[in-house]
Amino acid sequence: MRLHRLSREIPKTRRVRTIGVEEELLLVDGRTGAPTAIAERLLQNWEQNTAGNGEASPPPVSTDDGVIEAELQQQQIEIDTAPCTALVDLEQQIHAWRQQADKLARTAGGRAVAIATSPLPVSPDVMPGSRHRALAERFGLTAVEQLTCGCHVHVGVESPDEGVAVIDRIRVWLPVLIALSANSPFWQGRDSGYASYRSQVWRRFPTAGPTEQFGGVAAYRGRVAALLATGVPLDEAMMYFDARLSHRYPTVEVRVADVCLLASDTVLLAGLVRALVETAVRAWKRGDAARPVPAELLRMASWRASRSGVEGELLDPYSARPRPAADVVAALVEHIGPAARDLHDEDALLAGLDQVQRRGTGTMWQRRAYKSSGSLPDMILRAADRTIEMEV
């Protein structure tokens, strides 16, 4: 059942936090399923613009409802929705932009696929532009091999203070989102043994991963300044924290998830993140302290989620002890319940979680499809069709 069929209308008088999504899609050959370096060509089919440094740069494909733009590698493209307040609107935008990205890819003999790593061997090609070159030069193979596709969820906040309070309070729940979104079991032609191998590859970057509590916006800004002063990150955009204050928008940006195979799972993810943010703000305003879980334990929780997804155990967000994944997901539902009800999202979120429980994550689908056909290329091209499907 599609999420929006269960999403009740939010009263016009209620002020609701906006949500927006950025999805990175893999570009593959439409016959072989192999990653294909066509992103620059696709974007140059649209009106050219010029980067601030005077170099030609592939332009974003933009409308009032979102944007398609370049990513680090030529074998991927990013689609961004506009801010929404209702899950039904977000779902419609995601479907529209996925279809537009796939249509663009087909003009060059390709497909746009919502899988978070390439199942087939690939040597990625870095996109042109001074920043992309600088990333490759500074971080070597970490950047050059970084062909991964994530999903970033933006939720509106009233102020940086509110945003940092949110980051401090949602951090213990983010590993559960890794498990629910897991969609990257294959890497360079073989099964990695992980549900989300993208998470492992992404954390090669020195700024990626969970953070300690900040306690306030001054401490957050001080931490960012200290990291920049090391000379290791290129700029503030390289603060690849699991959750951060967006450097472009008045939002908290949650960056832990794989791109989801199905658009309905992306909507589920976004709804869960918004409910987590709303729950955190309410706790902050009541004066409830954030739980002091060390970042080292959060790294363990993230690794566990990356390894087995929802098929094994996850770490309890409070005790950091192993528990059945279903129990930890149920604890998340209980935690966000009041906020989800007030947002009129509860039915939609419960329906989405039930779908994941019954049919599995993208990782589970990929492994089943590969086992069925014995062919990674066949699985990839079937995934391309799934990417633009409307789940019923």
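Keep in mind that what you see is a predicted model, and the values were worked out from it rather than measured.

Some points on the nonpolar core
No. 1: Residues Leu177, Val254 and Leu272 are the most contacted members of the largest nonpolar core, which totals 60 residues.
No. 2: A total of 12 residues in this core trace back to one element, the largest contributor, which is helix 9 (residues 263–286).
No. 3: For Leu177, the contacting residues outside a window of four places in its chain are Val254, Val256, Leu269, Leu272, Val273 and Leu276.
No. 4: Membership of the second largest hydrophobic core comes to 35 residues, among which are Leu104, Ala114, Ile380 and Ala384.

Concerning the pairing of strand 1 (residues 19–29)
No. 1: Counted residue by residue, strand 1 has 11 buried out of 11 residues, so it is predominantly covered.
No. 2: When strand 1 meets strand 8 (residues 150–156), the two strands line up antiparallel, connected through five bridges. Its bridge partner being in strand 8, Glu22 is matched across the sheet by His152.
No. 3: Bridge count for strand 1 against strand 6 (residues 76–81) is five bridges, and the pairing is antiparallel. When the bridges of strand 6 are listed, Leu25 appears paired with Ile77.
No. 4: In the sheet, strand 1 pairs with strand 7 (residues 110–113) via four bridges, with the strands oriented antiparallel. Bridged to Val28 within strand 7 is Arg111.

Structural notes on helix 12 (residues 346–359)
No. 1: Between its terminal C-alpha atoms helix 12 stretches 20 Å, which fits the 20 Å expected from 14 residues at 1.5 Å a residue.
No. 2: All buried positions along helix 12 are accounted for by Ala348, Leu349, Ala351, Gly352, Leu353, Gln355, Val356 and Arg359.
No. 3: Those residues of helix 12 that are buried are in contact with helix 2 (87–106), helix 6 (174–181), helix 9, helix 11 (325–342) and helix 13 (362–373).
No. 4: Gly360 lies just past helix 12 and shows a positive phi near 95°.

Some words on the environment of Ala114
No. 1: Take Ala114: it is sitting in the loop between strand 7 and helix 3 (130–139).
No. 2: Ala114 sits 270 residues away from Ala384 along the chain, and the two C-alpha atoms are 7.0 Å apart.
No. 3: Here Ala114 is in contact with Leu25, Arg98, Asn183, Val259, Cys260, Leu261 and Thr387, once residues within four sequence places are set aside.

Considering the confidence of the model for the protein
No. 1: For the protein, the average pLDDT comes to 91, and 91% of its residues sit at 70 or higher.
No. 2: Predicted confidence is poor over residues 1–13, with pLDDT under 50, and the contacts of this stretch with residues over four places away or in other chains come to 33 contacts.
No. 3: Here residues 47–59 is a poorly scored stretch, pLDDT under 50, and it has 19 contacts once near neighbours within four places are set aside; other chains count.

Re helix 3
No. 1: Buried within helix 3 are the following residues: His132, Leu135, Ala136 and Phe139. The arc that holds the buried residues of helix 3, viewed along the axis, is 95°, so those residues lie on one side.
No. 2: Packing partners of the buried residues in helix 3 comprise helix 4 (141–144).
No. 3: The positive-phi residue at the C-terminal boundary of helix 3 is Gly140, with phi of around 55°.

Here we look at the packing of aromatic side chains
No. 1: Applying the stated criterion across every chain, the model contains 12 aromatic pairs.
No. 2: Pairing Phe139 with Phe205 gives two aromatic rings, centres 5.6 Å apart and planes at 85°, and the pair type is edge-to-face. Of this pair, Phe139 sits in helix 3 while Phe205 sits in the loop between helix 7 (197–202) and helix 8 (217–229), and the two are 66 residues apart along the sequence. Judged on exposure class, the residue Phe139 and its partner Phe205 are both buried.
No. 3: With 5.3 Å between their ring centres and 70° between their planes, Trp202 and Phe205 make a pair best called edge-to-face. Residues Trp202 and Phe205 agree in their burial class; the two are buried.
No. 4: Between Arg291 and the ring centre of Tyr318, over which it is positioned, the NZ or CZ distance is 3.6 Å.
No. 5: Above the plane of the ring of Tyr194 lies Arg307, whose end atom (NZ or CZ) is 5.4 Å from the centre.

A closer look at the environment of Met300
No. 1: Structurally, Met300 is set in helix 10 (residues 295–308).
No. 2: A relative accessible area of 49% places Met300 in the partly exposed class.

Considerations on the state of the cysteines
No. 1: Scanning the entire structure with this criterion turns up zero disulfides.
No. 2: No disulfide involves Cys84; its sulfur sits 13 Å from the nearest other cysteine sulfur, which is in Cys151.
No. 3: Accessibility expressed as a relative area gives 4% for Cys84, which makes it buried.
No. 4: Considering cysteine sulfurs only, Cys151 is the nearest to Cys260, which forms no disulfide, with 5.6 Å between them.
No. 5: On the basis of relative accessible area, Cys260 is assigned to the buried category, the value being 3%.

Reading the values: the criteria
- Residues numbered from 1 in each chain as written.
- Predicted model: local features only at pLDDT ≥ 70, side-chain atom pairs only at ≥ 80, totals over all residues.
- Heavy atoms only, no water.
- Core = buried A, V, L, I, M, F, W, Y, C linked by side-chain atoms within 4.5 Å.
- Buried < 20%, exposed > 50% of the residue type's maximum accessible area, 1.4 Å probe, protein only.
- Helix = DSSP H or I, 4+ residues; strand = E, 2+ residues; numbered from the N terminus.
- Contact = heavy atoms within 4.5 Å.
- Pairing = 2+ DSSP bridges.
- Expected span 1.5 Å × (residues − 1).
- pLDDT = per-residue confidence, 0-100.
- Arc of directions from axis to C-beta.
- Phe/Tyr/Trp six-rings, centres within 6.5 Å; stacked < 30°, edge-to-face > 60°.
- Lys NZ or Arg CZ within 6 Å of the ring centre and 35° of its normal.
- Disulfide = S-S within 2.5 Å.

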